[in-house]
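Residue-level structural notes
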Amino acid sequence: MTWIALPGMAQQFGPAENLGPAIPTPQFLVERMLEAGHIKAGDTVYDLGSGDGRVVITAVQKYGARAVGVELMPDLCRMARERIQSLGLSDRASIVEGSALRVDLSPADLVTMWFLTNSNDRLRPNLEKHLRIGARVVSNEFPVRGWKPAEVVHVKIGRMDHTLFVYEIGQTK
């Protein structure tokens, strides 16, 4: 895979920390990912590679969760933080500028992500290290190799078919 550096990419982390390009998730798919992860009011959601914060904002506004976005690119962090603040969600939503490979995920009830399978391979040790039994992981399009999904959800948006891999920690093997 060839990686192209995007403008505003966080240089302090270096290219090894970057797991993929910033591709916004369509809003309908954001909602399906959260629903597939069996989100409930009061859950703590972590969105890895949170971009403009749409998963974080939706988790808080529509589902009554608390949410944390983890994003490597400073420009996207700033944009997401500004939107969260303008919507008055700062007490329940936040964006961490940092690496999904290093973030402490132990508070998470649900983790959402959209990375290639090779990036999921790199994330797997951090997920296994921090997530407690019963926590859920929803991966858009690409599986976590070595884990058995609790559910596979197929979503059609127009002519596009999407696959959501839903995992529950403690039932991944």
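As the structure is a prediction and not an experimental result, all values here were calculated from the model. (Residues numbered from 1 in each chain as written. Predicted model: local features only at pLDDT ≥ 70, side-chain atom pairs only at ≥ 80, totals over all residues. Heavy atoms only, no water.)

1. Concerning the overall build of the protein chain
Across its full length, the protein chain carries four helices and seven strands. Element order for the protein chain, N to C, with α for helix and β for strand: α-β-α-β-α-β-β-α-β-β-β. The proportion of buried residues among the 173 residues of the protein chain is 50%. (Helix = DSSP H or I, 4+ residues; strand = E, 2+ residues; numbered from the N terminus. Buried < 20%, exposed > 50% of the residue type's maximum accessible area, 1.4 Å probe, protein only.)

2. Section: helix α1 (residues 27–36)
Listed as buried for α1 are Leu29, Val30, Met33, Leu34 and Ala36. For α1, the angular spread of buried residues about the axis comes to 165 degrees, placing them on one side. On its buried face, α1 sits against β1 (44–48), α2 (54–63), β4 (110–113), β5 (136–140), β6 (151–157) and β7 (160–168). (Arc of directions from axis to C-beta. Contact = heavy atoms within 4.5 Å.)

3. Side note on the environment of Ile169
Note that Ile169 resides in the segment after β7. Relative accessible area serves as the criterion here: at 11%, Ile169 is assigned to the buried category. Residues Ile169 and Gly134, 35 residues apart in the sequence, show an inter-C-alpha distance of 5.2 Å. The residues contacting Ile169, other than those within four sequence positions of it, are Leu131, Arg132, Ile133, Gly134, Ala135, Val137 and Trp147.

4. A look at the nonpolar core
Counting 27 residues, the largest nonpolar core has Leu34, Ile39, Val45, Ala59, Ile84 and Leu164 as its most contacted members. Secondary-structure elements contributing two or more residues to this core are α1, α2, α3 (74–86), β3 (93–97), β6 and β7. With six residues, α2 is the largest single contributor of residues to this core. Setting aside residues up to four positions removed in sequence, Ile39 forms contacts with Leu34, Val45, Ala59, Tyr63, Ala65, Leu110 and Arg136. Of all hydrophobic cores here, the second largest spans 22 residues; its members include Val70, Ala100, Val103 and Trp147. (Core = buried A, V, L, I, M, F, W, Y, C linked by side-chain atoms within 4.5 Å.)

5. What to know about the sheet that holds β3
Read from one edge of the open sheet, seven strands run β3-β2-β1-β4-β5-β7-β6, paired in mixed fashion. In the strand order of this sheet, the two ends are held by β3 and β6, each with one partner. Shown here is a sheet whose adjacent strand axes are inclined to one another by a mean of 20 degrees, direction ignored. The sheet contact formed by β1 and strand β2 (residues 66–71) spans five bridges and is parallel. Across the sheet, Leu48 pairs through a bridge with Val70, a residue of β2. Sheet strands in contact with α1 are β1, β4, β5, β6 and β7, and its direction is about 160 degrees off that of β6. (Pairing = 2+ DSSP bridges. Axes fitted to C-alpha atoms, helices over the stretch in contact; angles between N-to-C directions.)

6. Notes on the pattern of salt bridges
Any two side chains of opposite charge can pair, on the condition that their charged atoms come close. Taken as a whole and judged by the stated rule, the model has twelve salt bridges. Measuring nitrogen to oxygen at the nearest pair gives 3.6 Å for the salt bridge that ties Lys40 to Asp43. Under the relative-accessibility criterion, Lys40 is labelled partly exposed at 47%. (Salt bridge = Lys/Arg side-chain N within 4 Å of Asp/Glu carboxyl O.)

7. Re the pairing of β6
Bridge count for β6 against β7 is seven bridges, and the pairing is antiparallel. Bridge pairing in β7 links Val155 to His162. Between β6 and β7, which pair antiparallel in sequence order, lie two residues; one of them, Gly158, sits at a positive phi of approximately 60 degrees.

8. As for the pairing of β3
Relative to β3, β2 runs parallel, the two being bridged by five bridges. Residue pairing in the sheet places Val70 in a bridge with Val96 of β3.

9. What to know about the confidence of the model for the protein chain
Per-residue confidence for the protein chain gives a mean pLDDT of 87; residues scoring 70 or more make up 85%. Taken as a whole, residues 1–14 scores under 50 in pLDDT and shows 27 contacts with residues more than four places along the chain or in a different chain. (pLDDT = per-residue confidence, 0-100.)

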